[in-house]
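# Structural features, examined
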Amino acid sequence: MSVLDSKVPKGPIKDKWTTYKDKINLVNPANKRHIDIIVVGTGLAGGSAAASLAELGYNVKAFAYQDSPRRAHSIAAQGGINAAKNYMGDGDSTYRLFYDTVKGGDYRSREANVHRLAEVSGNIIDQCVAQGVPFARDYGGLLDNRSFGGVLVSRTFYAKGQTGQQLLLGCYSAMNRQIARGKIEMFNRHEMLDVVKVDGKARGIIARDLITGEIERHSAHAVVIATGGYGNVYFLSTNAMGSNATAAWKIHKKGAFFANPCFTQIHPTCIPRSGDYQSKLTLMSESLRNDGRIWVPAKLDDAKAIQQGKLKPTEIAEEDRDYYLERRYPAFGNLVPRDVASRAAKERCDAGYGVNATGEAVYLDFAAAFVRYGSEQAKIKGLKNASKEEIIKLGQGIIEEKYGNLFQMYEKIIAENPYETPMMIYPATHYTMGGVWVDYNLMTTVEGLYCIGEANFSDHGANRLGASALMQGLADGYFVLPYTIGDYLSDDIRTGPISTETKEFDEVEKEVKDKINFFINNKGTKSVDHFHKRLGKVMWDKVGMSRNEKDLKEAMVEIKAIREEFWKEVKVPGDANEMNPELEKAGRVADFLELGELFAKDALIRNESCGGHFREESVEESGEQKGEAKRKDKEFAFVSAWEYKGEPADAVLHKEELEFKDIELKQRSYK
Ligand SMILES: Cc1cc2nc3c(=O)[nH]c(=O)nc-3n(C[C@H](O)[C@H](O)[C@H](O)COP(=O)(O)OP(=O)(O)OC[C@H]3O[C@@H](n4cnc5c(N)ncnc54)[C@H](O)[C@@H]3O)c2cc1C
């Protein structure tokens with residue numbers, strides 16, 4: 001029997017969460033005042049958790065490495081947040097959101113968690129509106145919705161192309177209320193470098209003050225990790241430059257199992273890479289696929305001419321364009337899920353049809369939308385004889401209202417006006433569905449240690465649907481963890497304050513200091529980035545959008561070799577007792593170099609194609625789905641949860657078998 005206990009409550013799926021809440025132990029308000037909780041990370045997941053736990057009466061200590069919670073990577077979220085409110089009257093429901101999420105994740109997520117997520121999704125919108133989040137509204141003043149990939153309804157709430165920023169400001173204001181009351185003690189510019197366990201329970205952390213370099217001990221009755229995803233293991237990704245896996249990896253090394261590390265999302269609509277000296281990639285929100293049509297030239301000669309700068313996209317006739325998503329997937333067209341859209345782009349580019357100098361780009365074209373919206377506007381305005389130019393101008397106005405800031409961002413980066421020439425896009429690493437394994441309570445395999453938001457493996461299975469990350473992070477923080485952690489803490493009401501003057505804190509603090517001293521004193525010759533880039537290249541080439549046994553085995557060997565060289569040759573300038581960004585990076589890249597190998601190992605054992613994980617050995621060979629990903633439910637309907645045993649190659653696999661009682665497993669078809 002598996003050592004993993006998901007603790008999913010019994011009973012019908014639609015009643016599980018309600019019954020669970022009715023039955024759990026509660027902590028009375030007077031006792032909450034004597035209980036401390038550490039929350040590491042104050043993006044949308046950690047920020048919402050910190051604010052809610054403090055509002056409930058617990059003493060919260062919150063940590064972030066930025067100078068303010070407002071700078072968390074969550075601020076970058078553009079497109080929107082899902083909720084099953086059915087405001088559009090287009091047939092949405094809790095069940096449909098549940099169904100779409102399980103199907104979109106290619107049947108590799110835990111049904112009970114996903115259903116709970118769909119149940120609380122509506123509350124998130126109410127909560128955020130109450131905080132003053134300026135969601136877009138329709139002409140009647142009601143909240144507006146748009147569609148995201150992989151679904152047939154419009155359920156995405158949005159604030160122009162800045163949804164994450166607006167949600168984070170709402171969350172931050174809720175946090176600030178608690179900071180002012182003294183219920184949240186905020187530690188900005190602090191990086192958690194390890195967790196401290198006492199008698200098997202998480203009881204504190206070791207953190208570094210990033211301004212002074214001082215190493216600090218902090219204790220609590222429970223620790224919550226909300227430190228985001230690990231997409232930067234690829235070096236180039238759409239994540240913020242600082243996003244890292246250190247907290248998640250450190251707790252893994254202290255006993256928290258790491259689940260499905262190979263489940264990564266490669267997003268189809270990013271600005272293509274420009275060269276070897278780039279440090280980050282930029283996302284163009286998926287919401288653009290609502291109105292943009294994706295195409296490449298239908299003729300190889302045209303593609304070549306474009307690559308050589310001899311032909312412009314606007315010079316290619318309609319019949320010479322290949323709208324390959326509409327051609328291959330007529331039911332979902334440009335709104336197929338991200339994994340499907342990314343692979344289709346790669347397939348066209350690998351076949352030589354790419355549209356920039358490197359051949360790694362496809363077009364996202366709004367010309368048809370300008371005409372469609374413009375014609376509608378001309379009718380609304382009673383312009384009977386509007387010229388083509390007037391119609392296009394009117395249509396561009398509507399597109400500007402919807403996505404203006406994204407168009408502006410594109411123009412600033414590429415120096416081309418996307419109102420006049422189609423945007424160029426290409427897939428890039430964007431989100432990690434894998435992460436720390438948690439049970440239904442969001443507790444890891446270490447008692448009293450919780451993990452929420454993108455940092456856990458959670459609800460998205462092998463592929464996350466657009467606008468569902470914000471929903472999950474805020475569901476965890478505002479509506480799930482505040483209940484589940486109380487049940488655990490009800491046993492701690494007599495424990496009293498946790499001392500930091502113990503051998504457990506001594507030991508972990510020493511480990512942390514030793515590592516820092518090693519970096520500062522090592523007489524290496526190569527920068528941290530040198531190693532990070534090399535790791536990223538192996539990850540992208542051999543553990544990227546399409547994977548096979550040979551490459552994965554090679555990747556494991558190559559990553560290990562880079563890691564060994566890193567420990568000999570890394571050079572970290574500066575001192576430990578000062579602000580030292582290179583030192584911060586060194587610790588983070590050291591962790592990526594271990595995580596990367598486990599990632600490849602996880603991809604190797606999963607000899608099936610599912611969601612974002614495409615195995616070249618597992619492809620449909622005949623029928624309507626020929627050439628599409630082939631899932632193997634009999635062998636692989638499990639969560640892989642890895643136990644740390646020293647070297648990543650020695651990690652031990654535990655399987656959480658997935659049961660699908662409420663959704664029938666089907667082949668995903670978007671045709
Ligand atoms: C460009 C872009 C656009 C996106 N758009 C959307 C969208 O439209 N809709 C959607 O649903 N999702 C979107 N996503 C995904 C979504 O933004 C993220 O999944 C989500 O914001 C993650 O939130 P989080 O709170 O889990 O982590 P983060 O926002 O990454 O926050 C992590 C926090 O942890 C802290 N931290 C990390 N490590 C440590 C440490 N060791 N010590 C102390 N503090 C630490 C950081 O300081 C930060 O406060 C987008 C992602 C990207 C990259």
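Further up the page is the structure itself.
No experiment lies behind these values; they were computed from the predicted model shown.

Along the backbone of the protein there are 18 helices and 19 strands. Over its C-alpha trace the protein gives a radius of gyration of 25 Å, about what one expects of a compact globule, namely 26 Å for 671 residues. Projecting the C-alpha coordinates of the protein onto the three principal axes gives extents of approximately 80 × 55 × 50 Å. Burial status across the protein gives 62% buried among its 671 residues. Accessible surface computed for the protein: about 26,100 Å², of which carbon and sulfur atoms make up 50%. One way to put it: in the protein the 91 positive side-chain charges average out to a point 1 Å from where the 95 negative ones average out.

Here the focus is the pairing of strand 12 (residues 293–297). Burial of strand 12 is extensive: four of the five residues sit out of reach of the surface. In this structure, strand 12 lies alongside strand 13 (residues 321–322), joined through two bridges in antiparallel fashion. Within strand 13, the position partnered with Val296 by the bridge is Asp322.

For an α-helix, the turn length of 3.6 residues means that residues three or four places apart are oriented alike. Over its 22 residues, helix 13 (residues 468–489) runs 29 Å from end to end, which matches the ideal 32 Å to within 8%, given 1.5 Å per residue. Maximal helix bending in helix 13 amounts to about 55°, located at Val480; proline Pro482 follows within four positions. Taken across its 22 residues, helix 13 has 20 buried, putting it largely inside the fold.

This brings us to the sheet that holds strand 1 (residues 36–40). Strands sit in the order 5-2-1-9-17 across an open sheet of five strands; the sheet is parallel. Whereas interior strands pair on both sides, the edge strands pair on one side only; in this sheet they are strand 5 (184–187) and strand 17 (449–451). Direction aside, neighbouring strands of the sheet carry axes that sit 20° apart on average. As paired strands, strand 1 and strand 9 (residues 222–225) are joined by four bridges and run parallel to one another. Residue pairing in the sheet places Val40 in a bridge with Ile225 of strand 9.

Another point: the packing of helix 7 (residues 246–253) against helix 17 (residues 581–605). Close contact between helix 7 and helix 17 brings their axes to 9 Å; oriented N to C, the two are set at 60°. Remark: the crossing between helix 7 and helix 17 carries left-handed chirality. Contacts from Thr246, Trp249, Lys250, His252 and Lys253 in helix 7 reach Gly587, Arg588, Asp591, Glu594, Leu595 and Leu598 in helix 17. Of the residues contributing to the contact of helix 7 with helix 17, the split by class is three nonpolar, three polar and five charged.

A few words on the site of the ligand. Around the ligand, the surrounding shell holds 38 residues, and the nearest of these are Gln66, Ser74, Gly79, Met192 and Glu454. Residue Gly43 places a main-chain N or O atom 3.5 Å away from an oxygen atom belonging to the ligand. Here the ligand, which alone exposes 1,000 Å², has 97% of that area covered by the protein. Put simply, the parts of the chain that give the shell around the ligand at least two residues each are helix 3 (44–56), strand 6 (190–198), strand 15 (423–432) and helix 13. When its residues are assigned to classes, the shell around the ligand shows 17 nonpolar, 18 polar and three charged.

Mapped onto the fold, His460 is located in the loop between strand 17 and helix 13. Residue classification places His460 among the buried residues on the basis of a relative accessible area of 2%.

Going through the model one piece at a time under the given rule, you end up with 31 aromatic pairs. Between the aromatic rings of Tyr95 and Phe98, the centroid separation amounts to 5.7 Å while the plane-to-plane angle is 70°, which identifies the pairing as edge-to-face. Pair noted here: Tyr95 and Phe98 are both in helix 4 (residues 94–104), with a separation of three residues, about one helical turn. For Tyr95, a relative accessible area of 41% gives the class partly exposed. By relative accessible area, Phe98 is classed as buried at 0%. Aromatic side chains Phe518 and Phe519 sit 5.8 Å apart centroid to centroid with 65° between the ring planes, which places their arrangement in the edge-to-face category.

For the rest of this paragraph, the subject is the packing of helix 14 (residues 503–521) against helix 17. For the pair helix 14 and helix 17, interaxial distance at closest approach is 10 Å and the crossing angle is 115°. Between helix 14 and helix 17, the angle is such that the two are roughly perpendicular. Two packed elements cross with a definite hand, and for helix 14 against helix 17 that hand is right-handed. Contacts between helix 14 and helix 17 involve Ile516, Phe519 and Ile520 from the former and Leu583, Ala586, Gly587 and Ala590 from the latter. For the contact of helix 14 with helix 17, the class distribution of residues is six nonpolar, one polar and no charged.

Two faces, one strand: in a regular strand the side chains alternate between the faces of the sheet. Counted residue by residue, strand 11 (residues 264–270) has seven buried out of seven residues, so it is predominantly covered. Where strand 11 meets strand 15, five bridges bridge the pair, whose relative direction is antiparallel. Among the inter-strand pairings, His267 is bridged to a residue of strand 15, identified as Ala428.

This part is about the side chain of Lys32. The residue Lys32 is located in helix 2 (residues 29–32) in this model. In this structure, Lys32 is buried with no salt-bridge partner, the nearest side chain bearing the opposite charge being Glu55 at 11 Å.

With that out of the way, let us pick up the environment of Asp662. Checked against the element boundaries, Asp662 lands in the segment after strand 19 (652–657). Residue Asp662 is classed as partly exposed on the basis of its relative accessible area, which comes to 33%. Each C-alpha atom, one on Asp662 and one on Glu111, is 7.7 Å from the other, the two residues being 551 residues apart in sequence. Leaving out residues up to four positions away in the same chain, Asp662 has contacts with Ile13, Tyr95, Phe98 and Glu111.

Tracing the sequence through the fold places Val557 in helix 16 (residues 549–569). The exposed category is assigned to Val557, whose relative accessible area is 58%. The spacing of Val557 and Val27 is 530 residues in sequence and 50 Å in space, taken between C-alpha atoms.

Let us look at the environment of Thr94. With respect to the element layout, Thr94 can be found in helix 4. Taking the C-alpha atoms as reference points, Thr94 and Ile75, 19 residues apart in sequence, are found 27 Å from one another. Among all residues touching Thr94, those that are not within four sequence positions of it are Ala84, His115, Ala118 and Glu119.

To continue, consider the sheet that holds strand 8 (residues 215–219). An order of 6-7-8 is seen for the three strands of this open sheet, with the pairing classed as antiparallel. The sheet terminates laterally at strand 6 and strand 8, the two strands that pair on one side only. Within the sheet, the average angular offset between the axes of one strand and its neighbour, ignoring direction, is 25°. Of the strand pairs in this sheet, strand 6 and strand 7 (residues 201–209) are connected by eight bridges, and their pairing is antiparallel. Following the sheet pairing, Val195 is matched in strand 7 by Ile205. Here helix 14 sits on the sheet and contacts strand 6, strand 7 and strand 8; the angle it forms with strand 6, its principal contact strand, is near 145°.

Rules used throughout
- Residues numbered from 1 in each chain as written.
- Predicted model: local features only at pLDDT ≥ 70, side-chain atom pairs only at ≥ 80, totals over all residues.
- Heavy atoms only, no water.
- Helix = DSSP H or I, 4+ residues; strand = E, 2+ residues; numbered from the N terminus.
- Rg over C-alpha atoms; globule rule 2.2 N^0.38 Å.
- Buried < 20%, exposed > 50% of the residue type's maximum accessible area, 1.4 Å probe, protein only.
- Areas by Shrake-Rupley, 256 points an atom, 1.4 Å probe, with all protein chains shown as cover.
- Lys, Arg positive; Asp, Glu negative; His and termini not counted.
- Charge placed at Lys NZ, Arg CZ, Asp CG, Glu CD.
- Pairing = 2+ DSSP bridges.
- Expected span 1.5 Å × (residues − 1).
- Bend = angle between axes of the 7 residues up to and from the residue.
- Axes fitted to C-alpha atoms, helices over the stretch in contact; angles between N-to-C directions.
- Left-handed = near helix turned anticlockwise from the far one by under 90°.
- Contact = heavy atoms within 4.5 Å.
- Nonpolar A, V, L, I, M, F, W, Y, C, P; charged D, E, K, R; others polar.
- Near = heavy atom within 4 Å.
- Polar contact = N/O pair within 3.5 Å; in protein donor to acceptor, adjacent residues only side chain to side chain.
- Phe/Tyr/Trp six-rings, centres within 6.5 Å; stacked < 30°, edge-to-face > 60°.
- Parallel < 35°, antiparallel > 145°, perpendicular 65-115°, else oblique.
- Salt bridge = Lys/Arg side-chain N within 4 Å of Asp/Glu carboxyl O.

Shape is all these values report; function is a separate question.
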